Structures are given as C-alpha cells and as structure tokens.
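Listed here are the chains, written in short residue letters.
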Amino acid sequence: MANQQPDEKAVISLFLKHFDRCEGHHNLFFESDAEILEPLQGKMLFTTDEFSSEDFFLEGDPHLLGWNLACCTISDILASGGTPAYFGHALTLSTGWDEDYINRFASGIALAVKSAGAGFIGGDLGVSGSWKYTGICQGYEASPLTRKGAAPGDSHYLNVQAGTGILMGAMKLFPVEKETSNLMQGGRIRFPLRMKESKIIKAFAGCCIDTSDGVLNALNTLADINQTGFRVSHIPYLEGGRQICSLLAKPQSF
C-alpha cells in the first residue's frame, strides 16, 4: 500500500467498473445530484451502518474487508426478512491505500452486493489518515419482520456461531504466537451472507434481531422491547473464540 493514491474521479471509476447497471436506477452516474430510483415493492426497508478501523476489522485482505463491510450492512435488511434492492456508501479512504488496494476493496463490496441481488447506486468519497465506511442499503418486504413479537415460552434460535467478533479483535490486537497460530485462520474471517436463512426466519420467526453488537446485547434488546425476560443455553460458540478467551483468561460464555 505504498504506491500513490489515484485522484477522486479515478477512485470512483475504480469502484464503478465492478458494478453492473442497476435496474430501477434511472440516471447515469455523475448526471444527477440525487440518484433517481424506481419505487420499491411493498414496504421499504432502510438501514445505514458506520464502520472504521476502531471496529477491529481485519485489513490485510482488502477484498475480504470490502465483502465483510457490505455484508454487515446488508444483514439488517435480511434480519427484517427483506429483499435487498439498492446499496450505496459513504467512504473515507485511508491515505495509506494505493490503487491496487482500493481496486480489490471495491471488488469485495461489489461481490457482496451482487450476491445479495442488490444494485449499487453510488455514494460519497473522502480521504483521511484512517478509513471510515458508512454502508447504506434499501430493500422491500410486504410484511417485514421486526424485533417485536417475542412472548414468554417462545424459543430462541441463533443461526450463526457466536464469538467471531472476539476472534477478529484478537487477531488485530495480539501477535500470532505458536499457541494461537492454529486459531487465526490465516488472518482471514469471511462473514456469511445469509440469504436463504433470511427467508426461513421470515416464514417461521415471531421476531428477529441482528447479533452484530453481540448476542447478550441482542437478547437484552429483545427483552426490553418485548417486556419479557429470557433464559438461554447451548449457545453455539465459535471454538476459536472460546480458545482465545481461555488463553486471555477471559470468560468463555455468559
């Protein structure tokens, strides 16, 4: 990442070459101050998420970083049982990112957006000493799933192993030692884009919440909104996360 960074228009062109023309996006890029979009079917779903280096994302593989940031944004639409339609972002580039890094970063975002069946509609670009990324996604669903709807006696289900955030943070904060090399997965963590699971959840769940802020935070939020308590067991913890906690003498569960 030592080469000179391209100018703003060249960076935007790097991004746009990775994305196909989006159906429902009526203007061409650069020809309108605001993007002109076709109205969505059913109820519109909207989400925006901001990320930075302080969130402990792994940055060694720019394609993977782009994929993970886009997936984290899209996941909120999926948690509502919706279909992603339009994706945009506000990106602050790090001055340490060269053209090759930016190009691979853009390709990761593009792959996640295409895999979700959404279209890229542009955004905003800046440059600073450290990167920052704000993802924006719009989707649609006739009858969206919300966080409200839990009742005493309902069962809780988690469709992903808990502890990925712990493992990713450990990869950023601590050097890879002999004791941890087998846990670090080559310094790569790829978040899943759970399109099929979203439809199953929409069909059977009474409510749903994204767990990116942590399982305990998610449970507390559901309990607060639904005015009920919770009791959980058999949480499927990621084995690498458990072992990292053990090495750091931290609790492995709650």
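Preceding this paragraph is the structure being described.
Fair warning: this is a prediction, and the values are worked out from it, not measured in the lab.

Rules and cut-offs
Residues numbered from 1 in each chain as written. Predicted model: local features only at pLDDT ≥ 70, side-chain atom pairs only at ≥ 80, totals over all residues. Heavy atoms only, no water. Buried < 20%, exposed > 50% of the residue type's maximum accessible area, 1.4 Å probe, protein only. Helix = DSSP H or I, 4+ residues; strand = E, 2+ residues; numbered from the N terminus. Contact = heavy atoms within 4.5 Å. Core = buried A, V, L, I, M, F, W, Y, C linked by side-chain atoms within 4.5 Å. Disulfide = S-S within 2.5 Å. Salt bridge = Lys/Arg side-chain N within 4 Å of Asp/Glu carboxyl O. Pairing = 2+ DSSP bridges. Right-handed = clockwise from strand over helix to strand, strands pointing away. Axes fitted to C-alpha atoms, helices over the stretch in contact; angles between N-to-C directions. Polar contact = N/O pair within 3.5 Å; in protein donor to acceptor, adjacent residues only side chain to side chain. Phe/Tyr/Trp six-rings, centres within 6.5 Å; stacked < 30°, edge-to-face > 60°.

J.: When you look at helix 4 (residues 164–173) in this model, what are you seeing that I'm missing?
T.: Because each turn of an α-helix spans 3.6 residues, side chains separated by three or four positions end up pointing in the same direction. Turning to helix 4, its buried residues number three or more, namely Thr164, Leu167, Met168, Gly169, Ala170 and Met171. The inward-facing, buried residues of helix 4 contact helix 7 (239–247).

J.: Sorry, what's going on with the nonpolar core here?
T.: A general feature of soluble globular proteins is that nonpolar side chains tend to end up buried together. Within the largest apolar cluster, 45 residues are counted, with the highest numbers of intra-cluster contacts made by Phe57, Phe87, Trp97, Phe105, Ile109 and Tyr133. Those elements that place two or more of their residues in this core are helix 1 (8–16), strand 1 (43–52), helix 2 (62–79), strand 2 (83–94), helix 3 (99–115), strand 3 (119–128), strand 4 (132–141) and helix 4. If one sorts the elements of this core by residue count, helix 2 sits on top with 9 residues. Once residues lying within four places of it in the same chain are set aside, the contact partners of isoleucine 109 are Phe15, Phe19, Gly66, Trp67, Ala70, Phe87, His89 and Tyr133. Counting 5 residues, the second largest nonpolar core, distinct from the first, contains Ala162, Val215, Ile235 and Tyr237.

J.: Explain the state of the cysteines to me, please; I cannot follow it from the model alone.
T.: Disulfide: a covalent bond connecting the sulfur atoms of a pair of cysteines. Enumeration over the complete set of coordinates arrives at 0 disulfides. No disulfide involves cysteine 137; its nearest neighbouring cysteine sulfur is the one of cysteine 22, lying 11 Å away.

J.: Would you explain the pattern of salt bridges in this entry?
T.: Side chains that differ in charge, positive against negative, can pair when their charged atoms come close. Counted by the stated rule, this structure contains 3 salt bridges. Among the salt bridges present, the one from aspartate 100 reaches arginine 104, with a minimum N-O distance of 3.2 Å. Within this pair, aspartate 100 and its partner arginine 104 are both found in helix 3, separated by 4 residues, close to a single helical turn. With its nearest N and O atoms 2.7 Å apart, the salt bridge here joins arginine 194 to glutamate 197. A relative accessible area of 28% places glutamate 197 in the partly exposed class.

J.: Explanation requested: unusual backbone geometry in the structure shown.
T.: Negative phi values dominate among residues other than glycine, just as trans dominates among peptide bonds. Residues other than glycine seldom take positive phi values, yet glutamine 227 does so here, at roughly 55 degrees. Take glutamine 227: it is sitting in the loop between helix 6 (215–226) and helix 7. The class of glutamine 227 is exposed, set by a relative accessible area of 68%.

J.: Any chance you could explain the pairing of strand 2 here in plain terms?
T.: Strand residues, when the strand is regular, have side chains that alternate between the two faces of the sheet. The buried fraction of strand 2 amounts to 9 of the 12 residues, a majority that puts the element mostly inside the structure. Here 9 bridges tie strand 2 to strand 4, and the two strands are oriented antiparallel to one another. Across the sheet, residue threonine 92 finds its bridge partner in strand 4, namely lysine 132. As paired elements, strand 2 and strand 3 share 8 bridges and run parallel to each other. Residue pairing in the sheet places leucine 93 in a bridge with valine 127 of strand 3. In this fold, strand 2 hands off to helix 3, which returns the chain to strand 3; that crossover is right-handed.

J.: It is not clear to me how the sheet that holds strand 1 should be interpreted in this structure. Could you clarify?
T.: Adjacent strands of a sheet form backbone hydrogen bonds with each other and so pair up, either parallel or antiparallel. The strand order across the open sheet formed by 4 strands is 1-4-2-3, and the pairing between neighbours is mixed. Each having just a single partner strand, strand 1 and strand 3 make up the two edges of the open sheet. Here the strands of the sheet are splayed against their neighbours by 10 degrees on average, with no regard to which way each runs. With 10 bridges connecting them, strand 1 and strand 4 associate as antiparallel partners. Following the sheet pairing, methionine 44 is matched in strand 4 by tyrosine 140.

J.: What is the right way to read the side chain of asparagine 27 from this model?
T.: Here asparagine 27 lies in the loop between helix 1 and strand 1. We classify asparagine 27 as buried; its relative accessible area is 2%. One polar contact links asparagine 27 to histidine 25, side chain to side chain, over a distance of 3.3 Å. Of the polar contacts made by the side chain of asparagine 27, one reaches the backbone nitrogen of isoleucine 36; its length is 2.7 Å.

J.: Honestly, the packing of aromatic side chains in this entry has me stumped. Any pointers?
T.: To describe a pair of aromatic rings, you give the distance between the ring centres and the angle between the ring planes. Considering all chains together, one arrives at 9 aromatic pairs under this definition. When the ring of phenylalanine 29 is compared with that of phenylalanine 120, the centres are 6.3 Å apart and the planes differ by 40 degrees; the resulting orientation is tilted. Separated by 91 residues along the polypeptide, phenylalanine 29 in the loop between helix 1 and strand 1 and phenylalanine 120 in strand 3 bring together distant segments of the chain. Overall, the relative accessible area of 26% leaves phenylalanine 29 in the partly exposed class.

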